[in-house]
Amino acid sequence: MVTGDKAALFATGGTVCSGTAGEDSGARTIRLKCTDGSDDRATGTVESVDGTSLEVAWQGGLGEETYTRSEGGSLPPGLPTAGLGS
């Protein structure tokens, strides 16, 4: 889920991650911190986005994942965060 400059991911199996979304060196980048300590989805580059889906290429072993649009538009409270850095 991406809302403004905030991002969150809830994956099958219990993975919960949250962080930021924004421009980094001219690319749309997502940076996440996961509650299980995994860094599989720590940094990703947005490959494509439209009204129904978001495709992200994650650095590391996961490669590309495609996410579908959800209803709502707000992040749940109490999630860990990671900044875009410098």
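Everything discussed here concerns the structure shown above.
Anyway, here's the lowdown on the structure attached to this text.

**A short note on the state of the cysteines**
- All told, the structure shown has one disulfide when counted by the stated rule.
- Residue pairing for Cys-17: its cysteine sulfur links by disulfide to Cys-34, the two sulfurs lying 2.0 Å apart. Given an S-S torsion of about 95°, the disulfide between Cys-17 and Cys-34 has right-handed geometry. In this pair, Cys-17 is assigned in strand S3 (residues 16-24) and Cys-34 in strand S4 (residues 27-34), connecting sequence segments 17 residues apart.
- Accessibility expressed as a relative area gives 8% for Cys-34, which makes it buried.

**Quick notes on the sheet that holds S3**
- Here we have seven strands laid out as an open sheet, ordered S1-S2-S3-S4-S5-S6-S7, and antiparallel in their pairing. Of all the strands in the sheet, just strand S1 (2-3) and strand S7 (63-68) have a single pairing partner and so form its edges.

About the criteria used
As a convention, each chain's residues are numbered from 1 in the sequence order in which they are written. Local features in this predicted model are restricted to residues of pLDDT 70 or higher, and side-chain atom pairs are both shown and tallied only at a pLDDT of 80 or more, whereas totals for entire chains, interfaces and linings draw on every residue. Each side-chain value is worked out from all heavy atoms of the structure, with water and hydrogens disregarded. Here, the term disulfide refers to a pair of cysteine sulfur atoms separated by no more than 2.5 Å. Per the convention used, a helix needs a DSSP run of H or I reaching at least four residues, while a strand needs a run of E reaching at least two, with both numbered from the N terminus. Buried, partly exposed and exposed residues are distinguished by accessible area as a fraction of the type maximum, computed with a 1.4 Å probe on protein chains only: under 20%, between the cut-offs, and over 50%, respectively. Only when DSSP finds a minimum of two bridges between them are two strands counted as paired.

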